[in-house]
Amino acid sequence: MPAGPVPGPAAVVGGEAAQQDAASWSPSTVEVERRAYRRSRATRSAAVSAVSTVVVLGVLAWLVTHSEGWPRVQETFFSWDKAVSSFPAVLKGLWLNIRLMIVCGISILVLGLTLAIMRTLRGPIFFPLRLIATVYVDLFRGLPLLLLLLLLGLGVPALRLPNVPTELVFWGAVAIVLSYSAYVAEVFRAGIESVHPSQRAASRALGLSNGQTLRHVVLPQAVRRVTPPLMNDFVSLQKDSGLIAVLGATDAIRAAQIETASDFNYTPYVVAGVLFLCLTIPMARLTDHVARKQGWHGAGGAL
Amino acid sequence: MTSESATTPTGGAAPDAPLLTVRGLRKSFGEHVVLHDVDLEVQPGECVVLIGASGSGKSTLLRCVNLLEQVDDGVITLGGLDITDPRVDADEVRSRTGIVFQAYNLFPHLSVLDNVTLAPRRVHRVARAEAERRAMAMLDRVGLAEKARARPDDLSGGQQQRVAIARAMVNSPQLLLLDEVTSALDPELVGEVLDLLRDLRAEGMTMILSTHEMGFARNVADTVCFLDGGRILEQGAPAEVLGAPREPRTRQFLSRLVS
């Protein structure tokens with residue numbers, strides 16, 4: 001059957017011919033014209049957005065670089081020489097942030113998931129566990145992270161308790177894990193409770209135990225659903241690992257502070273900031289990507 | 001593909017000015033071609049019923065007519081305007097057609113009344129009082145005026161589907177599309193929805209509906225189209241297509257339904 005609209009008198013079309021034209025189909029002149037039009041619109045949109053971006057950014061850049069205080073700002077915050085000289089120290093400090101972030105990230109996931117499961121347990125025997133988890137979340141979500149850091153990082157080592165580590169970084173990490181796992185527990189709990197009860201019923205009806213239901217049916221769906229907010233918390237953790245600088249541990253921020261102290265040039269802080277962005281921006285893009293993929297799954301069939 | 005003038009209800013519509021024409025329509029999702037070269041004409045006041053197995057392309061055809069899908073090829077005109085032209089305002093075209101879905105698709109966070117007034121108020125900029133007056137008239141029409149303040153979740157499936165029809169009808173569309181609107185309903189709730197559609201049909205509403213209710217199709221349709229594998233295999237008056245099908249495939253489909 002030739003391509004294009006052939007409004008022949010036949011209300012009845014041969015079924016066998018159906019298969020043939022699927023492969024040999026080519027768009028009609030109307031469709032070719034429509035595609036050309038859509039392409040030209042797309043090209044136009046791209047051109048408009050490119051021009052408007054260049055103009056807006058150009059005007060902003062001109063305004064900033066031609067303002068009165070710009071030379072002083074440039075010297076104090078964007079000194080290339082200072083950036084180069086301070087870079088190795090700040091990068092070395094950042095290595096501490098990265099290690100802290102990985103160790104804390106894993107601990108937070110484990111503790112957060114445990115707390116979430118504790119809070120969703122049913123049955124009277126589990127009441128103490130539920131109570132502990134609830135109180136824990138209320139407490140550590142409510143306390144400022146900085147307060148926890150000072151309390152644990154400076155307070156506990158000063159006690160010189162037997163068999164208790166005294167390293168600043170260790171207690172800094174503990175404070176971060178305590179605070180973040182309370183948030184992450186709530187994210188997990190929201191995910192667990194968003195799984196429809198009929199899923200549990202179907203699983204229990206097949207003879208799976210409560211624990212097996214949680215492990216094989218509820219958690220896989222819950223974790224998938226809360227991945228975007230979890231990624232969000234992970235990006236936030238990357239920045240907050242810098243807070244241990246207040247304890248005196250030499251991370252990227254503390255290293256920048258030391259470099260700055262010699263001549264009151266603030267460029268090292270900018271260097272540290274850029275390095276943090278190099279960690280968090282790829283993470284944010286990854287989060288978007290994951291969220292978009294999950295959005296597709298939610299769209300459903302449209303046949 | 002002239003509609004059967006003998007069964008055209010309003011009779012006044014000029015047969016040379018169809019409300020909707022579909023010519024050489026093709027639609028695929030990836031590799032899968034859902035509609036092949038579909039031709040269809042709908043006269044004002046006509047009721048066209050699409051029948052066919054699941055996956056035969058009935059829903060996709062309706063979604064193409066409402067511009068919910070971008071067609072691969074072919075031309076659809078509504079009231080003489082080529083609505084597949086990318087230059088037309090799709091929202092304006094959609095506001096002239098109403099669609100009702102199998103799963104109702106009511107907005108669960110809005111009351112029944114707010115579901116019906118949403119489009120008049122936000123799209124057509126009708127004042128709240130006027131929109132509510134029209135919505136109440138339409139809800140009264142579908143027999144649910146007393147449920148105006150209820151939430152969709154508090155209604156039965158049949159009631160929800162009647163609200164969805166009221167929501168589609170409140171903008172006075174030229175064409176009403178109904179996609180298996182009774183398939184998700186309990187058997188005893190199907191009747192109330194079909195009765196409503198029969199009334200709308202008697203008032204001269206132009207509609208295209210897909211259904212598995214053959215008795216209803218026989219009763220209400222001016223034209224029945226049997227779709228198979230994305231093609232209209234057979235179309236004509238219900239007595240012909242349902243009573244004396246010419247195609248073996250149509251006969252096979254109908255015999256399976258009866259048994």
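Note that the coordinates shown come from a computational prediction; the quantities given were computed from them, not determined experimentally. (Residues numbered from 1 in each chain as written. Chains lettered and ligands numbered in written order. Predicted model: local features only at pLDDT ≥ 70, side-chain atom pairs only at ≥ 80, totals over all residues. Heavy atoms only, no water.)

Trainee: Would you mind showing me how to read helix α2 (residues 29-65) of chain A here?
Mentor: For an α-helix, 3.6 residues make a turn, and residues three or four places apart therefore share a direction. With 37 residues, α2 of chain A ought to run about 54 Å at 1.5 Å a step, and its terminal C-alpha atoms sit 54 Å apart, in line with that. Taken together, the buried positions of α2 of chain A are Glu31, Arg34 and Tyr37 of chain A. Buried residues along α2 of chain A sit against β4 (73-78) of chain B. (Helix = DSSP H or I, 4+ residues; strand = E, 2+ residues; numbered from the N terminus. Expected span 1.5 Å × (residues − 1). Buried < 20%, exposed > 50% of the residue type's maximum accessible area, 1.4 Å probe, protein only. Contact = heavy atoms within 4.5 Å.)

Trainee: Before we go on, may I ask you to explain the UniProt feature "transmembrane region" (unreviewed entry) in chain A in this structure?
Mentor: All names here are of chain A. Here, UniProt's "transmembrane region" (unreviewed entry) annotation points to residues 45-64, 94-117, 129-156 and 168-188. Its end C-alpha atoms 28 Å apart, residues 45-64 is made of 100% helix and 0% strand. Secondary structure content for residues 94-117 is 100% helix and 0% strand, while the C-alpha to C-alpha distance between its ends is 34 Å. (UniProt positions renumbered as here; feature names shortened; annotations may be inferred.)

Trainee: I'm lost on the nonpolar core in this one. Help?
Mentor: What tends to happen in soluble globular proteins is that the nonpolar side chains get buried as a cluster. By size, the foremost hydrophobic cluster in this structure holds 50 residues, and its most contacted members are Ile51, Ile165, Leu176 and Leu178 of chain B. If you tally residues by element for this core, the top one is helix α6 (residues 187-202) of chain B, at seven residues. Excluding anything up to four places from it in sequence, leucine 178 of chain B contacts Leu62, Val100, Ile165, Leu197, Met207, Ile208, Leu209 and Ser210 of chain B. Formed by 40 residues, the second largest nonpolar core is a distinct cluster that contains Met118, Trp171, Val184 and Ala185 of chain A. (Core = buried A, V, L, I, M, F, W, Y, C linked by side-chain atoms within 4.5 Å.)

Trainee: In this structure, what is going on with unusual backbone geometry? I would like to understand it.
Mentor: Across the chain, the bulk of peptide bonds are trans and the bulk of non-glycine residues have phi less than zero. Residues and elements named next belong to chain B. In this model, leucine 67 sits at a positive phi of 60 degrees, which is unusual for a non-glycine residue. Positive phi values are uncommon outside glycine, yet glutamate 180 reaches one of about 45 degrees. Turning to its location among the elements, glutamate 180 is positioned in the loop between β7 (175-179) and α6. Look at glutamate 180 and you get buried, because its relative accessible area is 9%.

Trainee: Looking at this structure, how should I read the sheet that holds strand β1 (residues 20-29) of chain B?
Mentor: Sheets are built from strands paired through backbone hydrogen bonds, the pairs being either parallel or antiparallel. Residue and element names in this part refer to chain B. Read from one edge to the other, the open sheet built from four strands follows the order β2-β1-β4-β5, with strand pairing classed as antiparallel. Every interior strand has two partners, whereas the edge strands, β2 (32-42) and β5 (81-82), have only one. Judged from the seven bridges that link them, β1 and β2 form a sheet pairing that is antiparallel. Its bridge partner being in β2, lysine 27 is matched across the sheet by leucine 35. (Pairing = 2+ DSSP bridges.)

Trainee: Could you clarify how one ought to interpret the confidence of the model for chain A in this entry?
Mentor: Low pLDDT means the predicted atomic positions in that stretch should not be read closely. The share of residues in chain A with pLDDT of 70 or more is 89%, and the mean pLDDT across the chain is 83. Every residue in residues 1-18 of chain A scores below 50 in pLDDT, and together they form 27 contacts with partners more than four places removed in sequence or on other chains. (pLDDT = per-residue confidence, 0-100.)

Trainee: I would appreciate a short explanation of the packing of aromatic side chains in the present structure.
Mentor: Aromatic rings considered in pairs are described by the distance between their centres and by the relative angle of their planes. Following the criterion strictly, the structure yields seven aromatic pairs over all chains and no others. Measuring from ring centre to ring centre gives 6.1 Å for tyrosine 266 of chain A and tyrosine 269 of chain A, while their planes differ by 20 degrees; the resulting arrangement is stacked. Between phenylalanine 226 of chain B and phenylalanine 253 of chain B, the ring centres sit 5.2 Å apart and the planes meet at 40 degrees, which makes this aromatic pair tilted. With phenylalanine 226 of chain B in strand β9 (residues 223-228) and phenylalanine 253 of chain B in helix α9 (residues 248-258), this pair connects stretches of sequence that are 27 residues apart. A cation over a ring is seen here: arginine 26 of chain B above tryptophan 25 of chain A, with NZ or CZ 3.7 Å from the ring centre. (Phe/Tyr/Trp six-rings, centres within 6.5 Å; stacked < 30°, edge-to-face > 60°. Lys NZ or Arg CZ within 6 Å of the ring centre and 35° of its normal.)

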